[in-house]
Structure formats: C-alpha cells, structure tokens
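# Descriptive structure summary
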Amino acid sequence: MNAAMQMAAYQVQAASHTGKAGRLFYESKALELVSLKIIDLEKELGSCPGPRLTKNDIDSIYTARDILLSNLDDPPGLAQLARRAGTNEFKLKIGFRQVFGSTVFGFVQTRRMEKAFALLRQGELDVTQVAGESGYVNVSHFIRAFRKKYGINPGKFLKENRHNTLF
C-alpha cells in the first residue's frame, strides 16, 4: 500500500461515524481505496497499453532491436529503423515500448552504458576510448550519462576498478 492508501485505511480504522453520514463516509473511503489501487495499476501497466501487436509487428520490433544492437555506435534514425525493420514509425515506437518496456532511444542508451561499464571494468581502455567504443562522439556527454546511470564518474570507476583488480 502506498502512503495515500495507508492514510485512507487509517482514517477508516480511526473513524467512529454512525448513521447515514457514517455509511457515506465508509463508502467514500472504500471508493477512494479502489481508485488509488487503480491509479497504481495504471502506473504499473501503463495507462494506455496501446494497440494490439500482430506476430508480424512483434517480429519487426525484434528485427529493429537486432539492428540497433549491431549498430550501437551509430544507430539509424527512427524513420530509417522502421523501414529496415519492415514497419512504420508509430508501430515501432509503441511496439518497442510494449515489447521492451523502453523507448528506442532509451534502449540504445541503456545498451551503450552496459557496454561502457563492461569496457571500463576490463580496465584496458581509458575513458575517452570507452566513450568512442560505446558510440559517444562527445566524451563529456558520455561522462554525464555514465554518472547519471551509475552514480560515479567513469574515470573514478576505472581508477577504483584498476585498484581493486591489483589486489
């Protein structure tokens, strides 16, 4: 139960209303609890699940994912990706979120960061080289994205990782 649900439940528990006013109070709290649960479910599932995807649509979405994975350093634009995957931009955007739980851009960013993390962990490349290998042209953009994702600067991570592997 979230905080709003807990508060409503506490108000029901603490109340001592009787008669018609009491009944109305308890009914309204019950509806409040139901609506709060529905809100939670909508957030969890997405308030608009989107159109149904056919098997061909899903195959196209997986094709798009494969294209992205093989071109992380220079991924195609949305229109080109949709064409290459055999679908349209709308179905690609909606379907990608449904199938993978992420936008196309978010998917690319996550995979780039995973690759960068693995490269830094190996400790064989410096931060600039890792940025390039991960598809970043601008090293400062890479540093900012890495810090946002992992909560540590890549240089510090590299230094600490190298230090830890020596012992």
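Residues numbered from 1 in each chain as written. Predicted model: local features only at pLDDT ≥ 70, side-chain atom pairs only at ≥ 80, totals over all residues. Heavy atoms only, no water.

Quick look at the overall build of the protein now. The helix and strand tally for the protein stands at nine helices and zero strands. Along its sequence from the N terminus, the protein presents helices and strands in the succession α-α-α-α-α-α-α-α-α. Taking 15 Å as the expected radius of gyration for a compact globule of 167 residues, we find that the protein reaches 24 Å, considerably beyond that expectation. On the principal axes, the C-alpha backbone points of the protein span a range of 75 × 50 × 25 Å. Counting only residues that meet the buried cut, the protein has 28% of its 167 residues in that class. Approximately 11200 Å² of the protein is accessible, and the part contributed by carbon and sulfur atoms is 55%. The centroid of the 24 positive side-chain charges in the protein is displaced by 4 Å from the centroid of its 16 negative side-chain charges. (Helix = DSSP H or I, 4+ residues; strand = E, 2+ residues; numbered from the N terminus. Rg over C-alpha atoms; globule rule 2.2 N^0.38 Å. Buried < 20%, exposed > 50% of the residue type's maximum accessible area, 1.4 Å probe, protein only. Areas by Shrake-Rupley, 256 points an atom, 1.4 Å probe, with all protein chains shown as cover. Lys, Arg positive; Asp, Glu negative; His and termini not counted. Charge placed at Lys NZ, Arg CZ, Asp CG, Glu CD.)

Let us now look at helix α8 (residues 139-150). Relative to the 16 Å expected for twelve residues at 1.5 Å per residue, α8 spans 16 Å between its end C-alpha atoms, a close match to the ideal helical length. Of all the residues in α8, the buried ones are Phe142, Ala145 and Phe146. The arc that holds every buried residue of α8, seen down its axis, measures 100°, which confines them to one face. Positive phi appears at Gly151, one or two residues downstream of α8, with a value of about 75°. (Expected span 1.5 Å × (residues − 1). Arc of directions from axis to C-beta.)

This part covers the packing of helix α3 (residues 55-70) against helix α5 (residues 89-100). As a packed pair, α3 and α5 sit with axes 9 Å apart at the nearest point and diverge in direction by 85°. As far as their axial angle goes, α5 and α3 are roughly perpendicular. Where α3 approaches α5, its residues Asp57, Ile61, Tyr62, Ala64, Arg65 and Leu68 are matched on the opposing element by Lys91, Leu92, Gly95, Phe96, Val99 and Phe100. By residue class, the composition of the contact of α3 with α5 is eight nonpolar, one polar and three charged. (Axes fitted to C-alpha atoms, helices over the stretch in contact; angles between N-to-C directions. Parallel < 35°, antiparallel > 145°, perpendicular 65-115°, else oblique. Contact = heavy atoms within 4.5 Å. Nonpolar A, V, L, I, M, F, W, Y, C, P; charged D, E, K, R; others polar.)

Overall, the prediction assigns the protein a mean pLDDT of 87, with 92% of residues at 70 or greater. Looking across the protein, the model is least confident in helix α9 (residues 154-166), with a mean pLDDT of 77, and most confident in helix α4 (residues 78-85), with 96. (pLDDT = per-residue confidence, 0-100.)

Inspection of the entire model under this criterion finds six salt bridges. The shortest N-O distance in the salt bridge between Lys55 and Asp59 comes to 3.1 Å. Of this pair, Lys55 and Asp59 both sit in helix α3, four residues apart, roughly one helical turn. Of the residues examined, Lys55 reaches a relative accessible area of 61% and is grouped as exposed. By relative accessible area, Asp59 is classed as partly exposed at 34%. (Salt bridge = Lys/Arg side-chain N within 4 Å of Asp/Glu carboxyl O.)

Here we take up the packing of α3 against helix α6 (residues 104-122). Following both chains from N to C, one finds α3 and α6 inclined at 40°, their axes separated by 10 Å at the closest point. Taken together, the axes of α3 and α6 lie oblique to each other. α3 and α6 meet at a crossing whose hand is right-handed. The segment α3 lies against α6, with Arg65, Leu68 and Leu69 engaging Val104, Phe107, Val108 and Arg111. In the contact of α3 with α6, the residues fall into five nonpolar, no polar and two charged. (Left-handed = near helix turned anticlockwise from the far one by under 90°.)

In this section: the environment of Phe107. Mapped onto the fold, Phe107 is located in helix α6. On the accessibility criterion, Phe107 (3% relative accessible area) is buried. Sequence separation of Phe107 and Leu68 is 39 residues, and the distance between their C-alpha atoms is 8.7 Å. Filtering out sequence-adjacent residues up to four positions away, Phe107 remains in contact with Arg65, Leu68, Leu69, Phe96 and Ser102.

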